[in-house]
Each structure stands twice: as structure tokens, then as C-alpha cells.
Amino acid sequence: MSIQGPVSEQAVAENVDVLSSTQAVVAEALQRLGMPEGMYELLKEPLRVLTVRFPVRMDDGSVQVFTGYRAQHNDAVGPTKGGIRLHPDVTEDEIKALSIWMSIKCGIANLPYGGGKGGIVCDPRQMSFAEIERLSRAYVRAISQIVGPTKDIPAPDVFSNSQNMAWMLDEYSHIREFDSPGFITGKPLVLGGSRGRERATARGVMICAEEAARLRGRTLDGARVIVQGFGNVGSYIAQAMFETGARVVGISDAYGALYDEAGLDIPDLLERRDSFGTVTKLFKQTITNKELLEKPCDILIPAAIENQITQDNAPRISADIVVEAANGPTTLTATKILADRGVLLVPDVLGNAGGVIVSYFEWVQNNQGLYWTDEEVDRRLVDSMRASFTGVYEAAHHYGVDMRLAAYIVGVRRMAESAKWRGWV
Ligand code: NAD
């Protein structure tokens, strides 16, 4: 039996279409698991995608109509969960693919969720605070029928943050007329947010890097590390690496990169970075992001944007460990090249799962009305990330596949089994 992904090899090779390339890996994972053909039909697209158009009053008195989406990939395991992206390039296909990635992440981390994702086509950088508040509230009104603490639980994503979550929670509570902190995660602490949520993604990346180094018979102490991207995720990783005793030899932002074989002064760079994660503009001697990725290092952590490691530069990546903190930084062809070269690649669906794991902790704390300390959250996150890493690593050996395919095999397994038990396939 063979399950065919619907995409051309060229599209997969160049990773030009995020939905098609995701479907291709899902198809291969299901095939390795020996799942019936109907399972791919079920899992290749979300069960539900709601498209909404809603008017928002702008500060100048005019009305602008925005388009938004909410995709719910699969709820065989439990309610769906995933962030809300505010970006001008949001498309329906992107939101669908991101909802599938969330399903995979939840499966890897053994969370009682399926994947969801939302998006609004907008550019919050060009909008006032008041306009963004009205936009956030209007979006919740538009999707309120299909979301909820036991249905579909949103969270922040690109260009949305705890303030957006607070407005959305407030709007939802008004609609439902009861207090419902478990409706959304990534909230401010005072509204039921979890300790450790802000650093959770970076913390998860660190745990994966530690595990990967251990498999290589090393520790992070003294390791030469390059982090691409100095935003929410990248800056916390650079700081944690620095504090652990690693030598952070390279960092970058959208405007360029810094590299110093002797190690960069990370505390100084953190002090000088702006709120958009920019710091290299302050330096005369910079190199490009492209050059940075090929510089000598032991661990490379892409933490910026997608498609950074491609078939062009994969043969020249010097690191023998790559931990993907960003979503989709390595193309499928480059994944194969790195695997053939013996590079240990920790794929995004595992590497950055710390964010959704602590989001789950936030929801659990909301449901029980009892809140954990930083230490409690960290202990549980470490246990969960280590178990996730081990599960994927063992699957890679068991099936004789690269870490990305192994992650998808682990990630779809529980969802597929749940769907079978329910009699869906
Ligand atoms: P951010 O906007 O805070 O930071 C992005 C960083 O990347 C900035 O330093 C920016 O200057 C840099 N950058 C932007 N364009 C670039 C380019 N063309 N080349 C090099 N650098 C560039 O974003 P973030 O929250 O840190 O997210 C980074 C990545 O991690 C994204 O792929 C995101 O989807 C992923 N991620 C984030 C979280 C989270 O909790 N924030 C969770 C899971 C995955």
C-alpha cells in the first residue's frame, strides 16, 4: 500500500509550498506506520477551516474589512490548540500547514490536543494600539462559535503577544458571560498566564541542544554556538547558552550578522537590542546571514525565518548539530543532505515544542485553579522535552530514517490511532 502526497517532487525539493511539503512528510510517516490509505485522506487537511471577514473601525474614522482564518486540523485526541498569527502574508494554505505542524508537535510531546492555528491578514506594525485592540476583539467575535477551553484554544504567534491574548480573553468572557481563563494561553501572569511561558520555547531548544550534545559525547560547556535571529526565541537562546558556558560565536538579525571566534559579549548585545530583535545595525564590521550559517561552529541554531538551510549551503554547514528553533528553516532536500553528512538535526516540530508544552501547563493550571512555581514549570518542561527528544531519536533508529521523518512518525501516530479507535478510518 502506498500513500501518495499530492505534490510534485520539484515543489517538495524546493519547499516552495509549505502545505504540500508538510503533506508529503505526513504521507510518508503514515506509510511507515502501515496506516490504511484513508488515514492520509483524513489527515492531509484540517477537519475545519473557518474564513471570516470582519470590519474594524480605524482611528481616522474609516472602516477596514480584514480577513482571518481559524484552522482545526484534527480533534481525535482532544481539543485543538495553536497560535494566532498577525501578518500581511498570512494565507489559508499557510494556516492549514501550521495547524498540521501543531498536531505533530502535540503528538510528539504527548499533549492531549490536536493542532489548530489562526491568522489575520494585517500588518500590526502599521496599526495603532487602539486599532490592534479592536482588530483582536473583532476576530474573537468572528470565530467565537468554534473556539473555547474544551474546543480549540488559541495562543500567540508571529506579531501577537500577551496583550492581544488579554483583549481576546476579555472579549470571549463578555460573549460567554463567564470567566474562562482556559480559553486562551500566553496570557499575562495576572490573568492566569503561566510562569516560564515567555522563555519556554528557548528553554526547550536548550534541552534539545543538551541532549544532542550528550549523544555526541560532549556537553554545552565550551561548545561554539551560532544563533541566527535575535528576537524572542533567539535572544533567550543566546543568553541561556552564554550562561551555560557555551561560546556564542555568532548571532544575527534581519540586517546582518556578527561573528567572533573568541565568543561574543551576549549580555552587552542583549542590552543594546531593540524590541524587534535588531542589534547588528550598531556595528560597522558585520557579515551576512548567509555567511554566518557557514562559519565554523559546533551547534547551529536557526531561530529566525524559514528556508535558511537549503541544498546550496547544506554541504558547507560546519556544525555537526543543528537545532531548529524557527519553523521551517531547513528545506527537505537540505534535511537529506545534512542527514547523509552525519549532522544531527533536531527538527522544528521537536526543537520548538517547549512553547506549546508550557501553553498546555498554563491551560492545566487554569483548569485546576492552582498555579505552579517557576521551578515546578521548569521541572515538568525538562521531563517533557527529554521524553520527546528520546521518543523521536529512538524512532529514527527504529525506522532507519532522519530525525524529521521520525518526528512526524511519532507525531501522527497517536492521532491516527485515536481516529481508528473512534471508527473514523
Ligand atoms: P521575533 O520576531 O521576535 O524575532 C525574529 C528575529 O529574526 C529577529 O532578530 C529578526 O531581526 C530576525 N530576522 C527577521 N528576518 C530575518 C532574515 N531575513 N534573516 C535573518 N534574520 C531575520 O520572532 P520569534 O518569536 O523569535 O520567532 C523566531 C522563529 O521561531 C519563527 O520561525 C517562529 O515561528 C519560531 N517560533 C517561535 C515561538 C515563540 O514562542 N516565539 C514558538 C515556536 C516557534
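The preceding data block contains the structure.
What comes next concerns the included structure.

Criteria and cut-off values
Residues numbered from 1 in each chain as written. Predicted model: local features only at pLDDT ≥ 70, side-chain atom pairs only at ≥ 80, totals over all residues. Heavy atoms only, no water. Helix = DSSP H or I, 4+ residues; strand = E, 2+ residues; numbered from the N terminus. Buried < 20%, exposed > 50% of the residue type's maximum accessible area, 1.4 Å probe, protein only. Contact = heavy atoms within 4.5 Å. Areas by Shrake-Rupley, 256 points an atom, 1.4 Å probe, with all protein chains shown as cover. Lys, Arg positive; Asp, Glu negative; His and termini not counted. Charge placed at Lys NZ, Arg CZ, Asp CG, Glu CD. Pairing = 2+ DSSP bridges. Right-handed = clockwise from strand over helix to strand, strands pointing away. Axes fitted to C-alpha atoms, helices over the stretch in contact; angles between N-to-C directions. Phe/Tyr/Trp six-rings, centres within 6.5 Å; stacked < 30°, edge-to-face > 60°. Lys NZ or Arg CZ within 6 Å of the ring centre and 35° of its normal. Near = heavy atom within 4 Å. Polar contact = N/O pair within 3.5 Å; in protein donor to acceptor, adjacent residues only side chain to side chain. Nonpolar A, V, L, I, M, F, W, Y, C, P; charged D, E, K, R; others polar. Disulfide = S-S within 2.5 Å. Patch = residues over 30% accessible without salt bridge, like charges linked within 9 Å, V, L, I, M, F, W, Y side chains within 5 Å. Salt bridge = Lys/Arg side-chain N within 4 Å of Asp/Glu carboxyl O. Core = buried A, V, L, I, M, F, W, Y, C linked by side-chain atoms within 4.5 Å. Domains from an automatic or database assignment.

Right, let's get into the overall build of the protein. Helix and strand content of the protein: 15 helices and 11 strands. The C-alpha extent of the protein, read off along each of the three principal axes, is 55 × 55 × 45 Å. Counting across all 425 residues of the protein, residues that qualify as buried make up 55%. In the protein, of all internal contacts separated by at least 6 residues, the share reaching a separation of at least 24 is 69%. When the accessible surface of the protein is totalled, it reaches about 17600 Å², and 48% of it is carbon and sulfur. Mean positive and mean negative side-chain charge positions of the protein (44 and 53 charges, respectively) differ by 2 Å.

Working note: regular strand, side chains alternate between the two faces of the sheet. The buried fraction of strand S4 (residues 114-121) is high, at 7 of 8 residues. In this structure, strand S2 (residues 63-72) lies alongside S4, joined through 5 bridges in antiparallel fashion. Its bridge partner being in S4, Ala71 is matched across the sheet by Lys117. Note: strand S3 (residues 80-87) against S4, 6 bridges, orientation parallel. Bridge assignment links Thr80 to a residue of S4, and that residue is Gly114. You can see the chain leave S3, run along helix H4 (residues 92-108) and come back into S4, and the turn it takes is right-handed.

With that settled, consider the sheet that holds strand S8 (residues 256-259). A sheet is described by the order of its strands in space; here 6 strands give the open sequence S8-S7-S6-S9-S10-S11, paired in mixed fashion. What marks the edges here is a single partner per strand, and that holds for S8 and strand S11 (344-346). Each adjacent strand pair in this sheet contributes to an overall mean axis angle of 15°, direction not counted. Across 5 bridges, strand S6 (residues 224-228) lies against strand S7 (residues 247-253) in parallel orientation. For Val227, the partnering residue across the bridge sits in S7 and is Ile251.

Moving on: the sheet that holds S2. The strand order across the open sheet formed by 5 strands is S1-S2-S4-S3-S5, and the pairing between neighbours is mixed. Here the strands that pair on one side only, and so sit at the sheet edges, are strand S1 (48-57) and strand S5 (152-156). Each adjacent strand pair in this sheet contributes to an overall mean axis angle of 25°, direction not counted. This element, H4, spans S1, S2, S3 and S4 of the sheet and lies at about 150° to S4.

Throughout the structure, instances matching the rule amount to 10 aromatic pairs. Ring geometry for Phe54 and Tyr139: centres 6.2 Å apart, planes at 55°, overall tilted. One end of the pair, Phe54, is in strand S1; the other, Tyr139, is in helix H5 (residues 129-143), and 85 residues separate them in sequence. The pair formed by Phe54 and Tyr139 is uniform in burial state, with each residue classed as buried. Seen in terms of ring centroids, Phe389 and Tyr393 are 6.3 Å apart; in terms of plane orientation they differ by 15°. Their pairing is stacked. Linking Phe389 with Tyr393, this pair stays in helix H14 (residues 374-399), spanning 4 residues, or about one helical turn. When its relative accessible area of 2% is taken as the criterion, Phe389 is described as buried. Connected via pairs of aromatic rings, a cluster forms that spans Tyr113, Tyr360, Phe361, Trp363 and Trp372. Between the NZ or CZ atom of Lys281 and the centre of the ring of Tyr255, over which it lies, the distance is 4.2 Å. Above the ring of Trp372, the side-chain terminus of Arg380 is found at 4.3 Å from the ring centroid.

The next subject is the site of the ligand. Near the ligand there are 19 residues, and of these Thr201, Phe230, Asn232, Val233 and Gly277 occur at the shortest range. At 2.8 Å from an oxygen atom of the ligand is found a side-chain nitrogen or oxygen belonging to Thr201. At a separation of 3.1 Å, an oxygen atom of the ligand approaches a polar side-chain atom of Asn327. The fraction of the free accessible surface of the ligand (840 Å²) that becomes covered by protein chains is 75%. Broken down by class, the residue content of the shell around the ligand amounts to 9 nonpolar, 9 polar and 1 charged.

Moving on: the state of the cysteines. Within this structure, the stated rule accounts for 0 disulfides. Cys297 takes part in no disulfide bond, and the closest cysteine sulfur, belonging to Cys208, lies 17 Å away.

Take a nonpolar patch on the surface next. Together, Leu47, Trp424 and Val425 make up a nonpolar patch on the protein surface, roughly 230 Å² of accessible area in all. Relative to the helices and strands, Val425 resides in the segment after helix H15 (403-421).

Counting residues in hydrophobic clusters, the biggest one holds 93 residues, and the most contacted among them are Leu30, Ile237, Met241, Ile251, Ile301 and Val323. Each of domain 1 (45-179) and domain 2 (200-351) contributes no fewer than three residues to this core. Those residues in contact with Ile237 that sit more than four places away from it in its chain are Ala202, Val205, Met206, Val227, Ile301, Ala303 and Ala325.

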